[in-house]
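# Topology and contacts: notes
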Amino acid sequence: MADSSSPPEEPTQTSDSDMNANSLSETSIETIAQKVQDSLSLGKRHKFWETQPVGQFKDIGDTSLPGGPIEDPTPLSEVKQEPYNLPSVYEWTTCDLDSDEVCGEVFSLLSNNYVEDDENMFRFNYSKEFLRWALHPPGYYRSWHIGVRAKGSKKLVAFISGIPARIRVRNEVVKMAEINFLCVHKKLRSKRLAPVMIKEVTRRVHLENIWQAAYTAGVVLPTPITTCQYWHRSLNPKKLIDVGFSGLGARMTMSRTIKLYKLPESTVTPGFRKMEVRDIPAVTRLLRNYLSHYAVAPDFDEDDVQHWLLPTENVVDSYLVESPESHELTDFCSFYTLPSTILGNQNYSLLKAAYSYYNVSTRTPLLQLMNDALIVAKQRDYDVFNALDVMENGTFLKELKFGPGDGQLHYYLYNYRLNQALKPTELGLVLL
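Residues numbered from 1 in each chain as written. Predicted model: local features only at pLDDT ≥ 70, side-chain atom pairs only at ≥ 80, totals over all residues. Heavy atoms only, no water.

### Regarding the packing of aromatic side chains
This structure, assessed with the given rule, holds 27 aromatic pairs. On the numbers, 5.3 Å between centres and 10° between planes, the contact of Tyr336 with Tyr355 is stacked. Taken together, the residues Tyr336 in strand β11 (residues 329-337) and Tyr355 in strand β14 (residues 353-356) connect sequence positions 19 residues apart. The class of Tyr336 is buried, set by a relative accessible area of 2%. Against the face of Tyr84 rests Lys80, its NZ or CZ located 5.2 Å from the ring centre. Above the ring of Tyr382, the side-chain terminus of Lys352 is found at 4.4 Å from the ring centroid. (Phe/Tyr/Trp six-rings, centres within 6.5 Å; stacked < 30°, edge-to-face > 60°. Helix = DSSP H or I, 4+ residues; strand = E, 2+ residues; numbered from the N terminus. Buried < 20%, exposed > 50% of the residue type's maximum accessible area, 1.4 Å probe, protein only. Lys NZ or Arg CZ within 6 Å of the ring centre and 35° of its normal.)

### Here's the deal with unusual backbone geometry
For the bond from Pro222 to Thr223, the omega torsion is -25°, close enough to zero to count as cis. Take Thr223: it is sitting in the loop between β6 (212-217) and β7 (226-234). For Phe181, which is not a glycine, the phi torsion comes out positive at approximately 60°. Its relative accessible area of 1% is what places Phe181 among the buried residues.

### Description of the sheet that holds strand β2 (residues 122-124)
What links the strands of a sheet is backbone hydrogen bonding, and the strands pair in either a parallel or an antiparallel sense. Taken in spatial order, the three strands line up as β2-β12-β13 in an open sheet, and their pairing is antiparallel. This sheet does not close on itself; its edge strands, each paired only once, are β2 and β13 (350-351). (Pairing = 2+ DSSP bridges.)

### Focus on helix α7 (residues 280-291)
Note: α-helices contain 3.6 residues per turn, so residues at a spacing of three or four share the same orientation. Taking 1.5 Å of rise per residue, 12 residues should cover 16 Å, and α7 covers 16 Å from first to last C-alpha, within 8% of that figure. Listed in full, the buried residues belonging to α7 are Ile280, Ala282, Val283, Thr284, Leu286, Leu287, Tyr290 and Leu291. (Expected span 1.5 Å × (residues − 1).)

### So, the confidence of the model for the protein
Per-residue pLDDT for the protein has a mean of 90; in total, 89% of the residues score no lower than 70. In the model, residues 14-26 has pLDDT below 50 throughout and makes 36 contacts with residues more than four positions away in sequence or in other chains. Confidence over residues 39-44 falls short of pLDDT 50; this stretch has two contacts with residues more than four positions distant or in other chains. (pLDDT = per-residue confidence, 0-100. Contact = heavy atoms within 4.5 Å.)

### Re empty space enclosed by the protein
Considering all chains together, one arrives at three cavities of 30 Å³ or more under this definition. Here the largest cavity defines a volume of roughly 70 Å³. Along the walls of the largest cavity sit Tyr230, Tyr336, Tyr355, Ser356, Tyr357, Asn386, Ala387, Leu388, Val390, Asn393, Val430 and Leu431, which together make up its complete lining. By residue number, the principal contributor to the lining of the largest cavity is strand β16 (residues 384-388), which donates three residues. (1 Å grid on protein atoms, 1.4 Å probe; cavity = no way out; pocket = protein on both sides within 12 Å on 5 of 7 lines; lining within 4 Å. Points joined across faces, edges and corners; volume = space filled by probe spheres on them.)

### Some points on the nonpolar core
Phe181, Tyr336 and Tyr357 are the most contacted members of the largest nonpolar core, which totals 80 residues. With seven residues, the single largest contributor to this core is α7. In this structure, Tyr90, Val196, Ile198 and Tyr414 belong to the second largest nonpolar core, which totals 31 residues. (Core = buried A, V, L, I, M, F, W, Y, C linked by side-chain atoms within 4.5 Å.)

### What to know about the layout of surface pockets
Unfilled space is identified by rolling a water-sized probe across the atoms. Counted as a void, the second largest pocket has a volume near 500 Å³. Together, 34 residues line the second largest pocket, and Ile163, Pro164, Ala165, Glu178 and Trp308 are the ones closest to its centre. Per-class residue counts for the lining of the second largest pocket are 22 nonpolar, six polar and six charged. (Nonpolar A, V, L, I, M, F, W, Y, C, P; charged D, E, K, R; others polar.)

### Quick word on the pairing of β6
For β6, the tally of buried residues reaches six of six residues, placing the bulk of the element in the interior. Here β6 shows no split at all, with Gln212, Ala214 and Thr216 on one side and Ala213, Tyr215 and Ala217 on the other all buried. Across three bridges, strand β5 (residues 172-184) lies against β6 in parallel orientation. Considered in β6, the bridge of Glu178 is made with Ala214. Each parallel crossover has a hand, and for β5 linked through helix α4 (residues 193-207) to β6 it is right-handed. (Right-handed = clockwise from strand over helix to strand, strands pointing away.)

### Comments concerning the pattern of salt bridges
Where charged atoms of side chains with opposite charge meet at close range, the side chains can pair. Scanning the entire structure with this criterion turns up 22 salt bridges. Arg166 is paired through a salt bridge with Asp299; the nearest N and O atoms lie 3.3 Å apart. In this pair, Arg166 is assigned in strand β4 (residues 156-169) and Asp299 in the loop between β9 (296-298) and α8 (302-309), connecting sequence segments 133 residues apart. One network of salt bridges, with partners in common, ties together Arg166, Arg288, Asp299, Asp301 and Asp304. (Salt bridge = Lys/Arg side-chain N within 4 Å of Asp/Glu carboxyl O.)

### Some details on the packing of α7 against α8
Geometrically, a packed helix pair is captured by the angle between its two axes and the distance between the axes. Their axes nearest at 9 Å, the elements α7 and α8 cross at an angle of 100°. One element, α7, and the other, α8, form an angle in the roughly perpendicular class. Facing Ile280, Pro281, Val283, Thr284 and Leu287 of α7, the residues of α8 in contact are Glu302, Val305, Gln306 and Leu309. Here the contact of α7 with α8 is composed, by residue class, of six nonpolar, two polar and one charged. (Axes fitted to C-alpha atoms, helices over the stretch in contact; angles between N-to-C directions. Parallel < 35°, antiparallel > 145°, perpendicular 65-115°, else oblique.)

### Notes on the packing of helix α2 (residues 100-113) against helix α3 (residues 128-135)
Running from N to C, α2 and α3 point in directions that differ by 100°, and their axes come no closer than 10 Å. By the angle between their axes, α2 is roughly perpendicular relative to α3. Contacts between α2 and α3 involve Asp100, Cys103, Gly104, Val106, Phe107 and Leu110 from the first element and Lys128, Leu131 and Arg132 from the second.

### Topic: the side chain of His307
Within the secondary structure layout, His307 lies in helix α8. Residue classification places His307 among the buried positions, given a relative accessible area of 16%. A polar contact is formed between the side chain of His307 and the backbone oxygen of Trp133, at a distance of 2.7 Å. Excluding anything up to four places from it in sequence, His307 contacts Trp133, His136, Pro137 and Pro138. (Polar contact = N/O pair within 3.5 Å; in protein donor to acceptor, adjacent residues only side chain to side chain.)

### Concerning the pairing of β14
Along β14, one buried face is formed by Ala353 and Tyr355 and the opposite face, lined by Ala354 and Ser356, is buried too. For β11 and β14, the ladder comprises three bridges, and the chain directions are antiparallel. The residue bridging Phe335 from the neighbouring strand is Ser356, located in β14. Relative to β16, β14 is paired through three bridges, and the arrangement is parallel. Across the sheet, Tyr355 pairs through a bridge with Asn386, a residue of β16.

Below, the structure written as structure tokens:
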């Protein structure tokens, strides 16, 4: 349900001059698919994915195909009961992330082998706290946290994970697995472990009577339901330029750049405060109502909101607006923390990045709400604030001096067909 390159692209910003882009990037799925097909010889097309129940490039534009599940569920008694075979020198392991030792192994594998940018300057650096948050939602299955060990050394050399989710696709709420963190040790990339791992996580998901999945990739596979772009807002422009994340714009000096990105010292919205446990019911109502307007979005209940959005130090931050007069909760914003290791820089080792998560504006203008989010992120020493052009994000990106990055993020559904690709503005789902 994911590919060996399936994690999101490490977002990089090319130049501050990109701030002058005239419009948000919009690339049709059909155009991307055609370019990919044209560039591949027949022998190199997606052999694995062509065997899977996913939208196929050849079917794009075929309105006769029904939307919804591509294949019917198999009787549980017919689901393969034994794990798929690995090469003889490897063995499966189920990773218990409650164990500090095992969590440390997963952390180390990802830290050294997970997604890097195209220039190999940055690599995602998921913290142990983040991994536990990402992989322990309500009702999670430990059996979906799958590792591969070398039999001789017992070293963890590969990992893939799934978590259960309820995702509404148009008018239907579908039980799905969200697949993430597919990582194979760099030295083993030629061993073709990834397809076996994908089949194994699929098998384990099927054993729980779940037949659909959602995932993202920085590469084009058959077939994205939408393609989004990362945008980046400099909070510490000098550091970002020093480490090569961004560059000085044309006719810009460092001092002018620092001045350009300077933010107010404090937030401006009356009643803007951190989310607390007592806010969970109201935030759930706000979020459910807001997400109902999107074609694909999570179906969150209060347990989900407590897990995913209640602030956790250095993992996720959520703020809301409480009316000073009525004490009604009217607006909400959130971001999660995902630092990157800076490779090969003598002065800096870590880039502290905030990623826009779920935001709801009903009374406070979204522009103002997100500017306050930038201010609190700057107060807490984040270097950059990243956002995808999903939901209503496109309405504030240019105005708040975000610049387009050079990577795209493609969203996919497994065993579920959408008859028509979505615009990023129709997507209400943020996958970690």
